[in-house]
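Residue-level structural notes
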Amino acid sequence: MDSHEKKLIIESQKGDMESFEKLIKEYQKGAYNIAYRMLGNTEDAKDASQEAIIKIYRSIGGFRMKSSFKTWFFRVVTNTCLDYRRKRSRNKVLYLDKAINSEEGSFQREIEDPSDGPEEIIIKNENTRTLHGYISKMPEKYAMAIILRDVRGFSYSEMGEILELPEGTVKSRISRARIMLKDIIANNMEQNDIKTV
Amino acid sequence: MNCEYDKTKISAYIDGEASAEEMRETEEHIKSCAECRAFYEELVDMKEMLFEMEEMDLPEGYEDELHKRLSSSFGMNKAKKNYNWKRWTAVAAIFLVGFVSYNVWKPAGLMMKSAEDGMAGESMEMSIAAEPRMTNRAIMEEQGYGDKSEATAYESEESPDTFNVEGRKIIRNGYINLEVDSFEAAHEEIVYLTESSGGFIQNSSTGKRYYNGPENENTLLVGSLNLRIPEKSFMDVYNKIKELGEVSDSSIGGSDITFQYNDISSQIDNLNVQEARLREIMEKAENVEELLQVERELNRVRTEIDRMTGMIKNWDNLVNYSTINVQLTEIAPKSTEIEGFEGEFWEKAKREFVKSINRVIIISQGLFVWLIAVLPFVFIIGAFAIVAVVILKKRRKRK
C-alpha cells in the first residue's frame, strides 16, 4: 500500500468524506463493472456498487491496514453484489434486460424498443452482449470467478484475499467456471445452428 | 472427454499462475495430446473474448448520487466516535465564555433584536438552497435543453405562462428529485395536491432502502410517483411539490408536437373525404367484383382513420395531462420520533434549536469584533490561564 493511499485511509477513518472519495476514485469503476457483470443490468449495478461503497465508508474505521485496501474494497463489493443478487431473486422483480430461465434453457425477454437505449449504444458488439448474458446466468460463485479473473484481471492471490479462499480453491474454481462457460457457449451455438437450419 | 489430464492445470497454465514445474509439464502435455490442445485453445479464445468485453463507463451523475448517499449516511459513520473531545470542549468553553461575557457586557452597537433572528435564519437557508439550484440550471444548459426537436425547457420562476401558447400542442413533463424528512407526509401531500388539481396518479412505488441490513430503526423509504396533472395546473402543482422538501434535482421539459398533430389531423380530414367518395362509388357499383374491390379500399381507409384518430386521442391526453415524475427520498432517520412526546413538542424544540443557532451566529459575529477589541485583555487572561493549567497539571501528577 503506498503512503498516499495510507494517508487517505487515515483521513477517511476520521470521517473526512473528501479523502474517502479520493481514495475510492480509482476503484469505483471496477466496483460498478463487477456489479454490472454480476447483476446484468445498469440500474442494479449502480445501486449495488453504491451500496457497497457506503458500507465501506461506514466500516472503514475498522480497517486495520493489515491486508491491502484494494482487496478489502473488492471483498465488500463482491459480497454486496452477491447479497443483492440473492435479495433480488427473492423479490422476483421482472427485469426486461434479464434472461428468463426455463426448463428448456433460457432466453431473453423480447420487448420492442423503438429507440436506441444507452446500453444498446454502449454494447455494440453482439458477441460480448451474449457473453455478458451467459455470465450473469451462471451460478454466482462461478460467475464471480470469471468476472474477477478474466474480465477484471485479478491475480489468483488477490482473488484468494477477495473471496477469502485458499489459492488452490481459487484455481480449481476458475477452471470449473471456464469449463462451465465454455459448455454454455457451445450449447447455445448448437441451438442457434438448429434454428438457422 | 477421454484424457484424464487435470484441466485445472491447463486453466492455471493459461493464466501463468502455475508453478514452474507444472507450467513445463502442462506445456509438454498440450503438445502431445490433441484433445487437451483443443481444450486449451478453446479456453484461450474464450479468455480473449472476455478480455475484449468493453468496460462500462460510470453512468452520468454516478459520483454525484454517491456523494449524496454518502453524505446522508454520514450521521451513522462510526468513525465519528473518534472525535477529539478535548478539542470540542475547548470550543464549547470559548463559546460559553463569549456568550456569558457578551450578555454581561452587552456593548453598544451589538444589540440583538429578535426581529433580526428570523431574517438571519432566512438568508442562511437561502444561501444553502441557492447552490444546488444553480448547479441544476448549469446541468440543464449543458444537456442542451431547448433542442430543435425538444421544444423548450422553462425555468419555473421566470415564465410560468410561456407554455400556454395559443393553439400549440405541447406535451409537458417535469421531474423532481425530492429529499424529505418524512416520506409518508410528503407522499400524502403529493396525493392530495394531485387529486385536488383534478389529476391522477399513474404509477407509484415505494420501497425500503437499507444502509446496513434490515435494521428497522435505520430504515428509510424511497419511492417514485408518476403524476398526471391537468395542463393548466401543471406549474402550480410542480412548484408546490418542490416546496415539500429539499430539491436535489428538478427539470421541466416539453415537446412541441403541433406540426405532427396538424399533419395527422389534415390527413384524417382527407381520409374522411376519401371515405365519403368511396361510399358513393359503392352505391353505384354494378357487379360483385367491383363492390368487393371498393369495399376492400373502404376497409383500408377506415382502418387508417381509426389508427390516426387513436394517435390524436393519445396526443390530446398527453397534452391535456402533463406528466410529473417525483422521486422521493427520505433522509432523516425515523428515530427522531420518540414515542410519548407530542409532535408539537418536537416541532417547538426544533424551532427553538434553529433560533438558538441563528442567535449563536449573530453572537459569534459580534464576538469576533469584540474579541479583536479586547485582544490586549485576552493576553493577560491567557497568561493567567496558562499558569492555572500548569498548576492543575502539577497537582494531577502528584496524585
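Keep in mind that this is a model prediction, so the values were computed, not measured. Here the residue index of a chain counts from 1 through its sequence in written order. All chains are assigned letters beginning with A, and all ligands numbers beginning with 1, in the order in which they are written. Owing to the predicted nature of the model, reporting of local features is limited to residues with pLDDT of at least 70; listing and counting of side-chain atom pairs is limited to 80 or more, with chain, interface and lining totals taken over all residues.

A word on the overall build of chain A. The number of helices and strands found in chain A is nine helices and two strands. Mapped from its N terminus to its C terminus, chain A presents α and β elements in the order α-α-α-α-β-β-α-α-α-α-α. Taken over 197 residues, chain A has a buried fraction of 32%. Restricting to contacts in chain A with at least 6 residues of sequence separation, those with at least 24 account for 62%. Counting from the N terminus, the helices are DSSP H or I runs at least four residues long and the strands are E runs at least two residues long. Burial in this document is a count-based property: other C-beta atoms within 10 Å of a residue's C-beta are tallied, and the residue is buried at 20 or more, exposed at 12 or fewer, or partly exposed in between, with C-beta positions derived from the backbone. Whether two residues are in contact is decided by their C-beta atoms, placed from the backbone, lying within 7 Å.

On a plain count of helices and strands, chain B comes out with twelve helices and five strands. Burial statistics for chain B: of 399 residues in total, 14% are counted as buried. Taking contacts inside chain B between residues at least 6 apart in sequence as the whole, the part at least 24 apart equals 78%.

Think of a nonpolar core as buried Ala, Val, Leu, Ile, Met, Phe, Trp, Tyr and Cys residues, each tied to the set through C-beta atoms within 7 Å. Among the nonpolar cores identified, the biggest contains 46 residues, and Ala-35, Met-38, Leu-39, Ile-53, Cys-81, Ile-146 and Ile-147 of chain A are the most heavily contacted of them. When residues of this core are traced back to their parent elements, those giving at least two are helix H2 (17-39), helix H3 (42-59), helix H4 (69-91), helix H6 (126-137), helix H7 (140-151), helix H8 (156-163) and helix H9 (167-196) of chain A. Examining the composition of this core, we find that ten residues originate from one element, H2 of chain A, more than from any other. Once residues lying within four places of it in the same chain are set aside, the contact partners of Cys-81 of chain A are Ile-34, Ala-35, Met-38, Leu-39 and Ala-48 of chain A. Core analysis: the second largest hydrophobic core is formed by 19 residues, Leu-193, Ile-229, Met-235 and Tyr-238 of chain B among them.

Here the focus is the interface of chain A and chain B. Contacts between the two partners involve 37 residues from chain A, matched on the other side by 36 residues from chain B. Those elements that place two or more of their residues in the side of chain A that touches chain B are H2, H3, H6, H7 and H9 of chain A. With eight residues, H9 of chain A is the largest single contributor of residues to the side of chain A that touches chain B. Partitioned by chemical class, the residues of the side of chain A that touches chain B number 16 nonpolar, twelve polar and nine charged. Residue type decides the class: Asp, Glu, Lys and Arg count as charged, Ala, Val, Leu, Ile, Met, Phe, Trp, Tyr, Cys and Pro as nonpolar, and the leftover types, Gly among them, as polar.

Right, let's get into the environment of Arg-277 of chain B. Within the fold, Arg-277 of chain B resides in helix H9 (residues 258-284). It is 9.5 Å that separates the C-alpha atoms of Arg-277 of chain B and Leu-298 of chain B, two residues lying 21 residues apart in sequence.

For a regular strand, the rule is simple: side chains alternate between the two faces of the sheet. We treat two strands as partners when DSSP finds at least two bridges between them. In the sheet, strand S1 (residues 170-180) of chain B pairs with strand S5 (residues 321-330) of chain B via eight bridges, with the strands oriented parallel. By the bridge assignment, Gly-174 of chain B is partnered in S5 of chain B with Ile-324 of chain B.

The next point concerns the environment of Tyr-36 of chain A. One can find Tyr-36 of chain A in helix H2. Judged by local crowding, Tyr-36 of chain A falls into the buried class, with 26 C-beta atoms found within 10 Å. Ignoring anything within four residues of it in the chain, the contact list for Tyr-36 of chain A reads Thr-42 and Ala-45 of chain A together with Met-56 of chain B.

Generally, phi is negative for residues other than glycine and the peptide bonds are trans, each holding for most cases. Residues and elements named next belong to chain A. Despite not being glycine, Glu-164 shows a phi value in the positive range, around 55 degrees. Tracing the backbone through its elements, the reader meets Glu-164 in the loop between H8 and H9. For Glu-164, a count of 12 C-beta atoms within 10 Å translates into the label exposed.

In an α-helix there are 3.6 residues to a turn, and that puts residues three or four apart on one side. Those residues of helix H1 (residues 7-15) of chain B that fall on the buried side of the exposure criterion are Lys-9, Ile-10, Ser-11, Ala-12 and Tyr-13 of chain B. Backbone geometry just downstream of H1 of chain B places Gly-16 of chain B in the positive-phi region, at approximately 65 degrees.

Attention now moves to the environment of Thr-169 of chain A. Residue and element names in this part refer to chain A. Summarising the element assignment, Thr-169 is placed in helix H9. With 14 C-beta atoms packed within 10 Å, Thr-169 lands in the partly exposed category. Thr-169 sits 13 residues away from Tyr-156 along the chain, and the two C-alpha atoms are 9.7 Å apart.

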